[in-house]
Amino acid sequence: MLEIALQEDRATHDATSHACIDASQLAVATILAKQDCVLAGIGSVARFFEVFAQLEGSVHVHAEVTTHPEIFDGVRLHPGQPVAVIRHNARAILSCERVILNLLQRMSGIATATRRYVDAIAGTRCRILDTRKTAPGLRLIDKYSVRCGGGQNHRLDLSDGILVKNNHVDLAGGMREVLARAHRNRQGEQPIQVEVRSMAELEDALQYGAEAILLDNMTPEQCAWRCSGWRTTPAASRWSLRRITLENVRAYAEAGVDYISVGR
């Protein structure tokens, strides 16, 4: 991922730095937090310079990246707080600066947004889950950033469990048939989760063997009623939601769901 980012920016062909900065000049740079945030991706800083050196070929000075012992992925940062100090070849610093900041900002942005949702439901037994709505090619770091913010990963990819959605139900011939196929054809202990949009679909999903229920686009009141009515059903031990905002996430958590899935 880091190599692709550097190549995309043509970092080894930095016209301005090559024209204006001596090849042997050394420099010191400090990465600062500009706002309250949760840090993610600090380990990428040193690795970026290692990858750059491999691509560029003429930088033989090792990058020295120093962080305070209390600065690590998942920690809360405040405006003006130093994140890392870099001592390295000046051209290399200038050529890698933007891609390093791009990744740190993206990862820390995801971690910060996740932490806001986690904080919003503090004191409940509910947990925040992510989704597969990640940037193409960046799934691993997006998912990792969620963990840095205190959330939990749902499916890493399509092989990581069975999630039956309305299109699967329609194409397979109904809830009974789709769940029969899911139980018959699943690999090992893959969990079978079913998305439901109505009371009728919920009843069918429970009757035909759903192991987890995803309540799609329902109000907190609808979720509370459904959770209270089916909480004792052994087959459906988990519920998760969509269309969640910071303004309504706690109401959903207090409705009795076990997990809340947040796409944003």
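See the structure shown above.
It should be emphasised that the depicted structure is a prediction, and the values quoted were computed from it without experimental measurement.

Novice: Sorry, what's going on with the side chain of T112 here?
Specialist: With respect to the secondary-structure elements, T112 resides in helix α4 (residues 90-120). Within the local environment of T112, its side chain forms a polar contact with the backbone oxygen of S108, the two atoms lying 2.6 Å apart.

Novice: Looking at this model, I keep getting lost on the packing of α4 against helix α5 (residues 139-148). Mind explaining?
Specialist: Packed helices, taken two at a time, are described by the angle their axes make and the gap between the axes. Between α4 and α5, the shortest axis-to-axis distance is 7 Å and the interhelical angle comes to 45 degrees. On the basis of the axis angle, α4 is oblique to α5. Crossing geometry of α4 relative to α5 is assigned as right-handed. Between α4 and α5, the residues in contact are L103, R106, M107, I110, A111 and T114 and I141, D142, Y144, S145, V146 and C148, respectively. Looking at the contact of α4 with α5, its residues break down into 8 nonpolar, 2 polar and 2 charged.

Novice: Would you take a moment to explain the sheet that holds strand β5 (residues 82-89) for this structure?
Specialist: Strand-to-strand pairing in sheets goes through backbone hydrogen bonds, with the strands running parallel or antiparallel. Spatial strand order, β1-β5-β3: 3 strands in an open sheet with antiparallel pairing. Each having just a single partner strand, β1 (26-32) and β3 (64-66) make up the two edges of the open sheet. Each strand of the sheet is rotated relative to its neighbour by a mean of 15 degrees, with strand direction disregarded. Of the strand pairs in this sheet, β3 and β5 are connected by 3 bridges, and their pairing is antiparallel. Counterpart to E64 in the pairing with β5 is R87. Of the strands in this sheet, β1 and β5 touch α4, which is tilted by about 150 degrees from β5.

Novice: How should I be thinking about α4 in this particular structure?
Specialist: Think of an α-helix as turning once every 3.6 residues; residues three or four places apart then point the same way. Taking 1.5 Å of rise per residue, 31 residues should cover 45 Å, and α4 covers 43 Å from first to last C-alpha, within 8% of that figure. Helix geometry: α4 is bent most strongly at E97, by close to 45 degrees. Regarding α4, its N-cap is N89, as a side-chain oxygen of that residue lies 3.0 Å from the backbone nitrogen of R91 further along.

Novice: Can you walk me through unusual backbone geometry in this structure?
Specialist: Peptide bonds are mostly trans, and most non-glycine residues show a negative phi. The phi torsion at R10 lies on the positive side, around 50 degrees, for a residue other than glycine. Assessed through its relative accessible area of 49%, R10 is described here as partly exposed. In the Ramachandran plot, N217 falls in the positive-phi region, its phi being about 55 degrees despite a non-glycine side chain. Locating N217 in the fold gives a position in the loop between β9 (212-215) and α9 (220-230).

Novice: What should I look at first to understand the environment of V262 in this one?
Specialist: Checked against the element boundaries, V262 lands in the segment after β11 (259-261). Given the relative accessible area of 10%, V262 is considered buried. Each C-alpha atom, one on V262 and one on D130, is 5.5 Å from the other, the two residues being 132 residues apart in sequence. Setting aside chain neighbours within four positions, we find V262 in contact with Y117, I128, L129, D130, T131 and I244.

Novice: What am I meant to see in a nonpolar patch on the surface here?
Specialist: Taken together, the side chains of M1, L140 and L156 define a hydrophobic patch exposed on the protein surface, amounting to about 270 Å² of accessible area. Relative to the helices and strands, L140 is located in helix α5.

Novice: Can you walk me through the pairing of strand β8 (residues 192-196) in this structure?
Specialist: In summary, the side chains of a regular strand alternate between the two faces of the sheet. Among the 5 residues that make up β8, 5 are buried, leaving the element largely enclosed by the rest of the structure. Of the two faces of β8, the one holding I192, V194 and V196 and the one holding Q193 and E195 are both buried throughout. Across 4 bridges, the pairing between β8 and β9 is parallel. Paired with V196 across the two strands is L215, which belongs to β9.

Novice: What's the story with the pattern of salt bridges in this structure? I'm lost.
Specialist: Applying the stated criterion across every chain, the model contains 11 salt bridges. For the salt bridge of R47 with E50, the shortest nitrogen-to-oxygen distance reads 2.7 Å. Taken together, the residues R47 and E50, both in helix α3 (residues 44-56) and 3 residues apart, mark about one turn of the helix. R47 gets classed as partly exposed once you look at its relative accessible area, which sits at 39%. For D258, the salt bridge identified is with R125, shortest N-O distance 2.2 Å. Placement of the pair is D258 in the loop between α10 (249-254) and β11 and R125 in the loop between α4 and β6 (127-129), with a sequence separation of 133 residues.

About the criteria used
- Residues numbered from 1 in each chain as written.
- Predicted model: local features only at pLDDT ≥ 70, side-chain atom pairs only at ≥ 80, totals over all residues.
- Heavy atoms only, no water.
- Helix = DSSP H or I, 4+ residues; strand = E, 2+ residues; numbered from the N terminus.
- Polar contact = N/O pair within 3.5 Å; in protein donor to acceptor, adjacent residues only side chain to side chain.
- Axes fitted to C-alpha atoms, helices over the stretch in contact; angles between N-to-C directions.
- Parallel < 35°, antiparallel > 145°, perpendicular 65-115°, else oblique.
- Left-handed = near helix turned anticlockwise from the far one by under 90°.
- Contact = heavy atoms within 4.5 Å.
- Nonpolar A, V, L, I, M, F, W, Y, C, P; charged D, E, K, R; others polar.
- Pairing = 2+ DSSP bridges.
- Expected span 1.5 Å × (residues − 1).
- Bend = angle between axes of the 7 residues up to and from the residue.
- Buried < 20%, exposed > 50% of the residue type's maximum accessible area, 1.4 Å probe, protein only.
- Patch = residues over 30% accessible without salt bridge, like charges linked within 9 Å, V, L, I, M, F, W, Y side chains within 5 Å.
- Areas by Shrake-Rupley, 256 points an atom, 1.4 Å probe, with all protein chains shown as cover.
- Salt bridge = Lys/Arg side-chain N within 4 Å of Asp/Glu carboxyl O.

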